[in-house]
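Observations on chain architecture
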Amino acid sequence: MKLQFKSVGTKVSMILFVTVVFLSAILGYSSYLMSKEIIREQVGLASSQAIEQAADKLDFLFAQYESSSRQLAVDQALKSDLEAVSDANIDIIKKTAAETRIKNKLDALKGSDNRLTGIRLINRMDSSKTYFSSGASGTQTTENTKSRIQSIVDAGGKPVWIPGLQKGFFESSNEPTITMGRLLQNLNNQEAEYVLLIEIKSEAVTESLANLKIGNGGEVRIVSPEQVIVHAFDKNLLETQSYITVSEERISKGESFTAKDEAGTNQLVVFRQLQSVNWRLIGYAPESDFLSAADKLIGVTLYVLVASILVALAIGYYLYRMVGKPLQKLSTLMEQGEQGNLKVRAGFKGKDEIGRLGHSFNRMLEQISLLVEHTRGTTVALLSTAENLSKASRDTANTAQEIAMATGEIARGASGLAGEAEKGTELAEEIGVQMNRVVELNTTMDQSAGRVIEVSRQGQEYMEHLVEKTESVSRMTSLIEDNSDKLSKSTYSIRNILAPMIEMTKQTNILSLNASIEASRAGAAGKGFIVIADEIRKLSMASNESIQNVSAMTEEIQEAIAATLHVLGEVTPMFAEQLESVKGASSIFRNVSTEMNSFIEEIENSSASVKELIRSQSQLRDFITNVSSVVQQTNASTEEVASVASEQHGVSEELVKLSNRLEELSESLKQSLSVFQVEESEATKPGAERPEHVK
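Residue indices follow the written sequence of each chain, beginning from 1 at its first position. It should be noted that, the model being predicted, local features are given only for residues of pLDDT at least 70 and side-chain atom pairs only at 80 or more, the latter also being counted only at that level, while totals for whole chains, interfaces and linings use all residues. The side-chain figures draw on all heavy atoms in the structure; neither hydrogens nor water molecules are used.

What follows deals with the overall build of the protein. Starting at the N terminus, helices and strands are each numbered in turn, a helix being any DSSP run of H or I of at least four residues and a strand any DSSP run of E of at least two. When helices and strands are counted, the protein shows nine helices and 10 strands. Across the protein, every contact between residues at least 6 apart in sequence was considered, and the portion connecting residues at least 24 apart equals 68%. Looking at the protein as shown, the accessible area adds up to about 43100 Å², and 57% of this sits on carbon and sulfur atoms. The contact criterion used throughout is that any non-hydrogen atoms of two residues lie within 4.5 Å. Calculation of accessible area relied on Shrake-Rupley with a 1.4 Å probe; when residues are assessed, cover is drawn exclusively from the protein chains displayed.

Time to look at the sheet that holds strand β10 (residues 280–286). Ordered by their spatial adjacency, five strands build an open sheet running β7-β6-β10-β9-β8, and the pairing between neighbours is antiparallel. Two strands in the sheet have a free side with no partner beyond their single neighbour: β7 (229–232) and β8 (257–260). The average undirected angle you get between the axes of adjacent strands in this sheet is 35°. Strands qualify as paired when DSSP identifies two bridges or more between them. The axes are straight lines fitted to the C-alpha atoms, using for helices just the contacting stretch, and the angles between their N-to-C directions are given from 0 to 180°.

Here we take up the pairing of strand β6 (residues 219–223). Among the five residues of β6, four are classified as buried, and the element is accordingly described as predominantly covered. Judged from the five bridges that link them, β6 and β10 form a sheet pairing that is antiparallel. Counted as the bridge partner of Arg221 is Ile282 from β10. In this sheet, β7 lies alongside β6 in antiparallel orientation, the contact comprising three bridges. Across the sheet, Arg221 pairs through a bridge with Ala232, a residue of β7. As consecutive antiparallel partners, β6 and β7 are separated by five residues, and within that stretch Gln227 has a phi angle of approximately 65°, a positive value. Only protein chains enter the accessibility calculation, which uses a 1.4 Å probe. A residue is then buried if its area is under 20% of the maximum for its type, exposed if over 50%, and partly exposed in between.

What follows concerns the nonpolar core. Core analysis: the largest hydrophobic core is formed by 41 residues, its most contacted members being Phe62, Leu121, Trp161, Trp279 and Leu281. For this core, the leading source of residues is helix α1 (residues 8–73), giving eight residues. With residues up to four places along the chain from it excluded, the contact list for Leu121 reads Leu78, Leu82, Ile102, Leu106, Lys129, Thr130, Tyr131, Leu184, Tyr194, Val195 and Leu196. For this analysis, a nonpolar core means a set of buried residues of the types Ala, Val, Leu, Ile, Met, Phe, Trp, Tyr and Cys, connected via side-chain atoms within 4.5 Å. With 12 residues, the next largest nonpolar core counts Ile149, Ile162, Phe169 and Val195 among its residues.

With respect to topology, five strands assemble into an open sheet ordered β2-β1-β5-β4-β3, the strand pairing being antiparallel. Edge positions in the open sheet fall to β2 (130–132) and β3 (160–165), since each of these has one partner strand only. Taken over all neighbouring pairs, the strand axes of this sheet differ in orientation by 20° on average, direction set aside. With seven bridges connecting them, strand β1 (residues 116–123) and strand β5 (residues 194–201) associate as antiparallel partners. Bridging from a neighbouring strand, Asn123 pairs with Tyr194 of β5. Along the sheet face, helix α3 (residues 92–111) touches β1 and β2 and points at about 150° away from the line of β1.

Before going further, it helps to examine a nonpolar patch on the surface. Residues Val18, Phe22, Leu23 and Ile26 make up a contiguous nonpolar surface patch of roughly 390 Å² in combined accessible area. Note on Val18: relative accessible area 49%, which makes it partly exposed. Only residues whose relative accessible area exceeds 30% and that form no salt bridge enter a patch; like-charged residues are grouped when within 9 Å of one another, and nonpolar side chains (Val, Leu, Ile, Met, Phe, Trp, Tyr) when within 5 Å. A pairing counts as a salt bridge when a side-chain nitrogen of Lys or Arg comes within 4 Å of a carboxyl oxygen of Asp or Glu.

The next point concerns helix α4 (residues 143–154). Here, expected helix span is obtained from the residue count minus one, scaled by 1.5 Å. Between the first and last C-alpha of α4 there are 16 Å, a value that for 12 residues agrees with the 16 Å anticipated at 1.5 Å per step. Along α4, the positions that sit buried rather than exposed are Thr145, Arg148, Ile149, Ile152 and Val153. Along the long axis of α4, the arc covered by the buried residues comes to 145°, so they all point the same way. Every exposed residue of α4 that faces more than 90 degrees away from the buried side is listed here: Glu143 and Asp154. Lining the buried residues of α4 we find β1, β3, β4 (177–184) and β5. Arc, as used here, means the arc of the directions from the helix axis to the C-beta atoms.

What follows deals with the side chain of Asp81. Tracing the backbone shows Asp81 in helix α2 (residues 76–86). Residue classification places Asp81 among the buried residues on the basis of a relative accessible area of 8%. Polar contacts involving the side chain of Asp81 include one to the side chain of Arg101, which spans 2.8 Å. Excluding residues that lie within four positions of it along the chain, Asp81 makes contacts with Ala98, Arg101 and Ile102. Within 3.5 Å is the distance limit for a polar contact, defined as a pair of N or O atoms, with the added protein rule that one can donate a hydrogen and the other accept it, and that residues adjacent in sequence qualify only through two side-chain atoms.

As a further point, take the side chain of Ser208. Structurally, the position occupied by Ser208 is in helix α5 (residues 202–208). A polar atom in the side chain of Ser208 sits 3.2 Å from the backbone oxygen of Ala204. Among residues more than four places away in sequence, those in contact with Ser208 are Lys57, Leu58 and Leu61.

For Phe, Tyr and Trp, where Trp contributes only its six-membered ring, two rings pair if their centres lie within 6.5 Å, and the inter-plane angle classes them as stacked under 30 degrees, edge-to-face over 60, or tilted in between. In total, this model carries six aromatic pairs according to the counting rule given. A ring pair is formed by Tyr131 and Tyr194, whose centres lie 6.2 Å apart and whose planes are at 50°; its orientation type is tilted. With a gap of 63 residues between them, Tyr131 in strand β2 and Tyr194 in strand β5 connect regions that are remote in the sequence. Judged by centre distance (6.1 Å) and plane angle (55°), the ring pair of Phe257 and Phe271 falls under tilted. In this pair, Phe257 is assigned in strand β8 and Phe271 in strand β9 (residues 266–273), connecting sequence segments 14 residues apart. Of the two residues examined, Phe257 and Phe271, each falls in the buried class. One aromatic cluster is present, formed by Phe62, Trp161 and Trp279 through successive ring pairs. Whether a charge sits over a ring depends on NZ of Lys or CZ of Arg being within 6 Å of the ring centre and within 35 degrees of the ring normal. The ring of Phe169 carries Arg148 above its face, with NZ or CZ at 5.6 Å from the centroid. Here the basic side chain of Arg250 rests over the ring of Phe257, its NZ or CZ set 4.0 Å away from the ring centre.

Residues of the protein with pLDDT of at least 70 account for 79%, and the chain-wide mean is 76. pLDDT expresses how confident the predictor is about each individual residue, on a scale running from 0 to 100. Taken as a whole, residues 681–695 scores under 50 in pLDDT and shows 12 contacts with residues more than four places along the chain or in a different chain.

Three or more residues of α2 are buried, namely Leu78, Asp81, Leu82, Ala84, Val85 and Ser86. One side-chain oxygen of the residue at the start of α2 lies 3.1 Å from the amide nitrogen of Ala77, identifying that residue as Asp75.

Once that is clear, we can look at unusual backbone geometry. Comment: phi is negative for the bulk of residues other than glycine, and the bulk of peptide bonds are trans. Even without a glycine there, the phi angle at Glu171 is positive, about 60°. Inspection of the secondary structure puts Glu171 in the loop between β3 and β4. Relative accessible area serves as the criterion here: at 30%, Glu171 is assigned to the partly exposed category. Phi is positive for Gln227, which is not a glycine, with a value near 65°.

Below, the structure written as structure tokens:
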């Protein structure tokens, strides 16, 4: 079967095929993209929750060591021992005892926590004066070590976390460590200030992150703000730059994202900013670990696309058979009919639009065949009619002269009557124009009055709304006065409460002073009480300042309340006067609305009278117009009859010539109809009677 791409059926089939295939492909691909996005969001949310829990564990772990260092910083016994070992004039026995106590304290802390590599105390002035716990690695003084110690000293007693180092803080350990350092300050003796170093095994962080797993091939790392790897499961990655970074903008958003790793693989990245340390916990895994299920949709989409192509081809072929092929056949039959073959018929049996079109085509050819048959019979009648027409035309020429003379007289009388009728018509039209102007003026006044009433109604509603608002403001003013009175009483109560508190701060200050005196008398044993007494005195002074501030604020509130009450007392009479004025204005708007309604009734009565007058004028104008039109028509008819009569004689002569020409055309028509091939009916068979006329 040969397809014709210009046919309607082929075009419809191709459009359907392309539409089905295109929609199927778009739907499948959209489903694939949406499933990938949903899986990515769900996995990112679950991984973010897991990374958040791991970050909380790390914060808890780091907070423990910061707490331990804080305890050592306030340990008075350790402080005394450090002062003793730093004193060059101290007895060797006391110095040895102090060093023993320092080492025992460090060993105790180290022994209580197997996650520690060692604990060290390094003198700020002389790094050779070092005390460390058992199991600590050797000490090597390098430029890197000095810079790290200096950064801890510069922190001024705040904890400083050193990122993970492959060989430890002093580059002499066999395993990587993370170090927390703090300066143990001594304001009285800077020579006794020591740098505390707590070295934590990298495995301790690994154990905290052991239960954290992202995907099948995911990794978890701790990264510094400089994007240096602090901790990783692969020890060789420590102290190197992280390829996957987290910018400050992403930290502020807190959302997971995708990035490429060193190998160019797309990674789903989740992160969390640690609270205890300015480090970031990053976890990432290849997107392929999560999106493998979504990739199966591509195969399903291909199967669906193949099925859609087959279905589209089947439907397209069906449409071609149902639409295209019948239309091609009908087109061929029309071309044969165009060539004069009226015997062709369409053999469509269906009852759909194509079948109805075939039946209509058959009926159309049948009607054309009948028309050709009748035309053949009519040509014979035309020959005889042409002869009669020639005789009648000669008789018509004789009477045309007489009709022309009579119609000339009638035309002259009708012209005078038409002139008078035109004057009456112009007068009636002028009256109509004036009456229309009166109607337009009444309509305009009616519309203006309607707008005035609408404005009056809106003004009345606005004034009523304003009355309600004014009454509400008056009630609110009363409530403000009541609340101000209550607030004034409350400020008086606050003053009564502050009085005994002032007395209590004075007594507390005296007690702290006495405690300081007694602690000074006690000597070294009372140093702790001196610190407590100083803190109590500072607290008393701060409380006294706060009470003074509250008292001053209470005075300001009392003055503001008094001013508010004074203003409200002046405003209340004004609101009463405004309420009366608004009510009066509302009454005026109601009176205006009543008067405008009466005015509209008068305008409507006037408009009704004018409309009645317009109807009477219209009837008069129509009557005059009819007379004028009759006269004009009579005048025109008589002139036309005169003209026709004068020309009828010449036309009659032409009719004779046309009759001869008609005979020639009848013969020519007979020869032209012989081209059509139709079945012979009873009317056209030899010997049949010819019809007299054809309608």
